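Summary of the model geometry
The primary structure of each chain is shown beneath.
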Amino acid sequence: MENKIYVEVLASFDPGGVMLPVLLTWEDGHTYEIDRIVDIRQAAAMKAGGSGDRYTVRIKGKESFLFFERNASLRGNNIGRWFVERKSQG
Amino acid sequence: MARIVLHSDLNSFYASVETVLDPTLRGKAVAVCGSTEDRHGIVLAKSDLARKAGVKTGMANWEAQRCCPGLLILHPQYEQYVKYSRLAREIYQRYTDRVEPYGMDECWLDLTGCRCVDGLAVADEIRKTVHEELGLTVSIGVSFNKIFAKLGSDMKKPDAVTVISEENYKEKVWPLPASELIYVGPATTRKLATYGIHTIGQLAAAPPEFLKQRLGVNGVAIWRYAAGLDTSRVMHQDYDVPIKSIGHGITCVQDLLNSEEVWRVMLMLSQDIGHKLRANDFNAGGVQITVKDNALGWRQYQAPLEVPTQLPLEIARRARALFDKQYDWRLPVRAVTVRAIKLSPKSQPVQMLLYDDPVRREKRERLEDAVEDIRSRFGKSAIYSACLMGNLKMPGLGVHEVNLPGMMFQ
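As the structure is a computational prediction, the values presented were derived from the model and not from experiment.

**A few points about the overall build of chain B**
Helix and strand content of chain B: 14 helices and 12 strands. For 410 residues, the compact-globule estimate of 2.2 N^0.38 gives 22 Å, and the C-alpha radius of gyration of chain B, at 24 Å, lies within 12% of that figure. Dimensions of chain B along its principal axes, counting C-alpha atoms only, are 70 × 55 × 45 Å. By residue count, 47% of the 410 residues in chain B fall in the buried class. Taking the contacts inside chain B whose residues are at least 6 apart along the sequence as the reference set, 66% of them involve residues at least 24 apart.

Put into structure tokens, the structure is as follows:
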């Protein structure tokens, strides 16, 4: 099964241009509110593949990683995609 | 005070990026290869396992598959490599503003005078950061000049740091074969061997006057490199290499069989050259062509232009005249490169010729202005010569955003 799941994210931009995720919609259509952003750093997604800005987010008391993968092209309004890593089965 | 220079080399770069993007490739023999259909079918990069099976960069795809059955062949994704190359450079720039790329996967860093003076510690930190942030591995050489730093990065791979200091370079570098040294290619290696020079140490011990006599200025340069006397600077990250020539070349999808076919390819290549000359405000004072036949033998010819120009048609015509005069057609042509050389600024006054028609030239320039204008508004293929329609035997023109390694920055 694919370990990389692209998800729909609602994000906000502050006047300084900083992008922060607000809501995350899981592949089953369920929407979760992001309570807190604990950490933001550049990191490789070892399990899912690729790399990007890794947001450590807290949702309902649980911490998980949410990655923003930038597009390789320089223009257009498609600037990148959000993805999460699938938790290992079992 | 000794300088602190690092050379960082991303290990089997293309193949590693592919593995980062698709972790299921991890632990498999993988090679990134050009497309066989476009006749670029050679190995561009390979993973560690493929290397162990005997796959070498530059091998034809079928050769690689024969020596490593089960080899996974991937098509290159240049935009991803450019992205990762930039991200790596961004990491280097956290430590110094003197970061000089050498191809996509290698960079020199000069830490002299920076806040962090411990070269080894910085190298180790970079190695860890690149792995954490990008999932790639680097090998880094730390030394007091660019040449030894580069040698150091080749010594231990992957994911390692090697220090070559003023104290230990004689033991570490001098026993290595002379061919390991940058700019000592196969021809120079052969020449050196005839004088009994096989190692870098022997090269350093040779009298520079003798080397100058035999190998010219390059002889003295490689002697300085070998002796650890290189002082070339690491260029600033914003430094643009001055343009010395503008060229365009292509390997055709089928062999070119007659002068007419070569002409059309040359005219097509000249369109881009003209555009680049214009964008950089240069006139070409001469034309150089490189022709490769289908046995992969190649020849290079050059000739001056009577009047410096940026007109594609004139460049292409000169290229064709040169080709028709020099090429003997014993074999069909496989690849052609046209290059505008002896560049001068467009604003520089030009000596007129007695038997030239300047009015006609001016008209042609205005025509070219109009063509440029149409292309800038409606795209590159909005207007072109009728003779360039149909099959030119040229592959889809892939844009490669790559700075190829050039001469050492002095």
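There is more to say, and it comes next.
**Section: the environment of Gly27 of chain B**
In this fold, Gly27 of chain B is placed in the loop between helix H1 (13-21) and strand E2 (30-33). Taking the C-alpha atoms as reference points, Gly27 of chain B and Gly219 of chain B, separated by 192 residues in sequence, lie 43 Å from one another.

**Points about the interface of chain B and chain A**
Of the residues lining the interface, 14 residues belong to chain B; the matching set on chain A comes to 13 residues. Considering only the side of chain B, the residues that lose the most area to chain A are Pro23, Lys83 and Glu133 of chain B, jointly responsible for 38% of the buried surface there. Where chain B touches chain A, the interface holds zero salt bridges. Every element with two or more residues in the side of chain B that touches chain A is listed here: H1, helix H4 (78-92) and helix H5 (119-134) of chain B. Per-element tally for the side of chain B that touches chain A: the top contributor is H4 of chain B, with five residues. Residue composition of the side of chain B that touches chain A, by class: six nonpolar, two polar and six charged.

**Thoughts on the packing of aromatic side chains**
Tallied over the entire structure, the rule returns 20 aromatic pairs over all chains. For the pair Phe65 of chain A and Phe67 of chain A, a centre-to-centre distance of 6.3 Å together with 70° between the ring planes defines the contact as edge-to-face. By relative accessible area, which is 37% here, Phe65 of chain A ends up partly exposed. A centroid spacing of 5.6 Å and a plane angle of 80° characterise the contact between Phe323 of chain B and Trp329 of chain B, whose relative ring orientation is edge-to-face. Take Trp329 of chain B: its relative accessible area is 29%, and that puts it in the partly exposed class. Within the aromatic cluster, the residues linked to one another by ring pairs are Tyr6, Phe65, Phe67 and Phe83 of chain A. For the cation-ring pair, Lys4 of chain A lies above Phe83 of chain A, with the distance from its terminal atom to the ring centre recorded as 4.7 Å.

**Focus: the domain arrangement of chain B**
Residue and element names in this part refer to chain B. For chain B, the domain assignment lists domain 1 (5-10 + 83-226), domain 2 (13-80) and domain 3 (246-388). In this structure, domain 2 and domain 3 have C-alpha centres spaced 35 Å apart. Opposite the four residues of domain 2 that make contact, domain 3 presents six residues. Of the roughly 420 Å² buried at the junction of domain 2 and domain 3 (both faces included), carbon and sulfur atoms supply 34%. A per-residue breakdown of the area domain 2 buries against domain 3 is headed by Asp38, Arg39 and His40, which together make up 95% of the total. The tally of links between domain 2 and domain 3 comes to zero salt bridges.

**What to know about the packing of helix H8 (residues 186-194) of chain B against helix H10 (residues 208-215) of chain B**
Residue and element names in this part refer to chain B. It is the contact of H8 with H10, at a shortest axis distance of 12 Å, that shows an interaxial angle of 125°. Between H8 and H10, the angle falls in the class oblique. Here the hand of the crossing between H8 and H10 comes out right-handed. Where H8 abuts H10, its residues Thr188, Lys191 and Leu192 lie against Leu211, Arg214 and Leu215.

Conventions used here
Residues numbered from 1 in each chain as written. Chains lettered and ligands numbered in written order. Predicted model: local features only at pLDDT ≥ 70, side-chain atom pairs only at ≥ 80, totals over all residues. Heavy atoms only, no water. Helix = DSSP H or I, 4+ residues; strand = E, 2+ residues; numbered from the N terminus. Rg over C-alpha atoms; globule rule 2.2 N^0.38 Å. Buried < 20%, exposed > 50% of the residue type's maximum accessible area, 1.4 Å probe, protein only. Contact = heavy atoms within 4.5 Å. Buried area = accessible area lost by both parts, 1.4 Å probe. Salt bridge = Lys/Arg side-chain N within 4 Å of Asp/Glu carboxyl O. Nonpolar A, V, L, I, M, F, W, Y, C, P; charged D, E, K, R; others polar. Phe/Tyr/Trp six-rings, centres within 6.5 Å; stacked < 30°, edge-to-face > 60°. Lys NZ or Arg CZ within 6 Å of the ring centre and 35° of its normal. Domains from an automatic or database assignment. Axes fitted to C-alpha atoms, helices over the stretch in contact; angles between N-to-C directions. Parallel < 35°, antiparallel > 145°, perpendicular 65-115°, else oblique. Left-handed = near helix turned anticlockwise from the far one by under 90°.

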